[in-house]
Each structure stands twice: as C-alpha cells, then as structure tokens.
Amino acid sequence: MINIYEYVKQLNVENGTTQRMTCPMCKSYKTFSVTNNMGSLLWNCYKASCLVKGKSRVHLSAEEIRNIKVPQVVADFEMPEYIVPHKENITDWSNKWGLDMDALDLQYDVKEHRVVFPIKDNGRIVDATGRSILNRLPKWKRYGSSDLPFSFGCGSIAIVVEDCISAGVIGSDVYVGVAVLGTSLLDSHKTFLSQFSTAIIALDPDALPKSFAFAKELRSHVKDVKILKLKDDLKYRKKEDIHNLKLLTPKETQLWN
Ligand SMILES: [Zn+2]
C-alpha cells in the first residue's frame, strides 16, 4: 500500500505549478494532478472511478518565498467623485432584483446612471463595477484595474456566477456568490476560490462548455468542484434551480429555507 501523502510530497512540486502524471493508485495515464498553491498541496485523479484526492500543507523553499509575486493590489483606488452613496436613485432597481442595498454597499454613478457594486478585498474597496440602470451599453463598466472577482456573502461554499446581480442574490450565510465578471477564470479568481472547500459553478445555461472548462481548471485549487446545470441565470431565482442548488450543497451546511 502506497502512502499517497509521502508520494506527493517527494515530488517537490514547485510553488505555483501543477504536475500531471500517471495515477499512483489506479495507474491511469496522466490522470493524476498535483498542484502547489502557496504551500498548499492539492492532489486528485480525474478518473471518475478513482477516489484519490487530498490536501496538505508543505513548506516553501527560501527561493520560492523570494519568488512569490505579491498580488497587485490596487491600493490607490478611489471611487470617482461622480459615484455617490445616495440610495434613492437605485432603490427601485435593487428592489426589482431583491438585492440588499445596504449589505452590498451599493452606490450610484450620477454621470452614467449606474448601480455601482464595490469590489472589496478584506473589507477594503479596491475596485468597483457598475450596471447601467437604463440598459445602456456597455451594460457593465469597470472603474478600477484590479483583477479580483466580486464576492458577496459569508458562507463556506463558493457559487461561481456570471455577474454581480447573481452574486448578490445568492450570497448568504451559506453561500458566497463569486462573480468572475468576464469570460475567463483568472489566476486571481483561482487564488480567491482556493479558500473554499466547495465551489459550485453556476454560469448561464448556454455556457455549459464554459462551466466544464472552469470546473476542470478549478479542481487543482478547490477540493470539491460541482456544476449546477441551470434553467435560467441564478438571479431569476427559478424554483427548480434553487432546488438543484440545495441538492448539490453539502448536508451539514444546508440552512437555506
Ligand atoms: Zn487514479
């Protein structure tokens, strides 16, 4: 019997990289992957019948620590002065979607008539994105230059969604809505999502191939990655979609009523 932890550790996978190889358990060709993400070692096998997977911490070498790129935090981001915290112009729009304006800290872009979602990093506003209330193009406007996702909620399960409205709708004590705000999954998104033990990908129904691609990429960063096949975008709260989401939610964390 092979000690999988010892096996994975002796591979000395460099920080920030992934190694693919023949699975030491089921012996399938190149189905086994090991990722070192800042000293957090994650391994799993892509073969459905093989259950090998795990997570452990390893020490980084002095050189690896020197080479760590400090994420580019946009420390100097300041809300443009035409974005104001006044709620009266965004109340109707927020109510239409059932968004909690105060919890989301929504603001208003006076110039372009947009609802502004602040993007926070550890509670600090580092960027913002605004949705046109009048459906003018572009529908969404990014005000800063961070590449962080928008997130909302304080649960232990990440729900990866398309936009801030869906993230605001689904964010709760159980789920953290994470909006990727674009077509691809960036490294900063993966790093952000690696703090969760479960990620459920819930993109638009017509984006199923994208969901599968996201899931594949995320599996080396998050232990448990699932895909929710939606009837409609989560922001429309279709009964069937919420039901299916509950089915995918680990039992011990089900609090949604
Ligand atoms: Zn295997």
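Let us look at the structure shown here. (Residues numbered from 1 in each chain as written. Predicted model: local features only at pLDDT ≥ 70, side-chain atom pairs only at ≥ 80, totals over all residues. Heavy atoms only, no water.)

Glancing now at the pairing of strand E12 (residues 175–179). Among the five residues of E12, five are classified as buried, and the element is accordingly described as predominantly covered. Judged by which residues are buried, E12 turns out to be covered on both faces: Tyr175, Gly177 and Ala179 on one side and Val176 and Val178 on the other are all buried. Where strand E10 (residues 150–152) lies against E12, three bridges are found, and the strand directions are antiparallel. Considered in E12, the bridge of serine 151 is made with valine 178. Pairing of strand E11 (residues 157–161) with E12, which is carried by five bridges, proceeds in the parallel orientation. Looking at E12, one finds that alanine 158 is bridged to valine 176. Between the parallel elements E11 and E12, the chain passes through helix H5 (residues 164–170) in a crossover that is right-handed. (Buried < 20%, exposed > 50% of the residue type's maximum accessible area, 1.4 Å probe, protein only. Helix = DSSP H or I, 4+ residues; strand = E, 2+ residues; numbered from the N terminus. Pairing = 2+ DSSP bridges. Right-handed = clockwise from strand over helix to strand, strands pointing away.)

If you look at the biggest cluster of nonpolar residues, it comprises 34 residues, and the most contacted ones within it are Trp93, Leu99, Phe117, Phe150, Ile159 and Leu234. Elements that contribute at least two residues to this core include exactly helix H3 (91–97), helix H4 (101–104), strand E7 (114–121), E10, E11, H5, E12 and helix H8 (239–248). (Core = buried A, V, L, I, M, F, W, Y, C linked by side-chain atoms within 4.5 Å.)

This part covers the pattern of salt bridges. Scanning the model with the defined rule gives 11 salt bridges in all. For the salt bridge of glutamate 162 with lysine 210, the shortest nitrogen-to-oxygen distance reads 2.9 Å. Of this pair, glutamate 162 sits in the loop between E11 and H5 while lysine 210 sits in helix H7 (residues 208–218), placing them 48 residues apart in sequence. Overall, the relative accessible area of 19% leaves glutamate 162 in the buried class. Residues glutamate 217 and lysine 190 are paired through a salt bridge, measuring 2.9 Å at the closest nitrogen-oxygen approach. (Salt bridge = Lys/Arg side-chain N within 4 Å of Asp/Glu carboxyl O.)

Ordered in space as E1-E2-E3-E4, the four strands form an open sheet in which the pairing is antiparallel. Both outer strands of the open sheet, strand E1 (18–21) and strand E4 (53–57), are each paired with one neighbouring strand and no more. Direction aside, the axes of adjacent strands within the sheet are offset by 10 degrees on average. Here six bridges tie strand E2 (residues 32–37) to strand E3 (residues 40–45), and the two strands are oriented antiparallel to one another. Counted as the bridge partner of phenylalanine 32 is cysteine 45 from E3. (Axes fitted to C-alpha atoms, helices over the stretch in contact; angles between N-to-C directions.)

A few words now on the coordination of the zinc ion. Coordination of the zinc ion by the protein is provided by Cys23 (SG), Cys26 (SG), Cys45 (SG) and Cys50 (SG), with metal-donor distances spanning 2.3 to 2.4 Å. On the primary sequence, the residues serving as donors to the zinc ion are separated as C-x2-C-x18-C-x4-C. Taken together, the residues cysteine 23 in the loop between E1 and E2 and cysteine 50 in the loop between E3 and E4 connect sequence positions 27 residues apart. The exposure classification of cysteine 23 matches that of cysteine 50, with both residues buried. (Donors = N, O, S within 2.8 Å, 3.2 Å for Na, K, Ca; no water.)

Using the criterion set out here, one finds eight aromatic pairs in the structure. Plain terms: the ring middles of phenylalanine 117 and tryptophan 140 are 5.7 Å apart, the flat faces sit at 50 degrees to each other, and that makes the pair tilted. Here the residue phenylalanine 117 occupies a position in strand E7, and tryptophan 140 occupies one in strand E9 (residues 140–142), the gap between them amounting to 23 residues. Grouped by ring-pair contacts, the aromatic residues Trp93, Trp97, Phe117, Trp140, Phe150 and Tyr236 constitute a single cluster. Between lysine 111 and the ring centre of tyrosine 82, over which it is positioned, the NZ or CZ distance is 4.0 Å. (Phe/Tyr/Trp six-rings, centres within 6.5 Å; stacked < 30°, edge-to-face > 60°. Lys NZ or Arg CZ within 6 Å of the ring centre and 35° of its normal.)

This is a description of form; function is not addressed.
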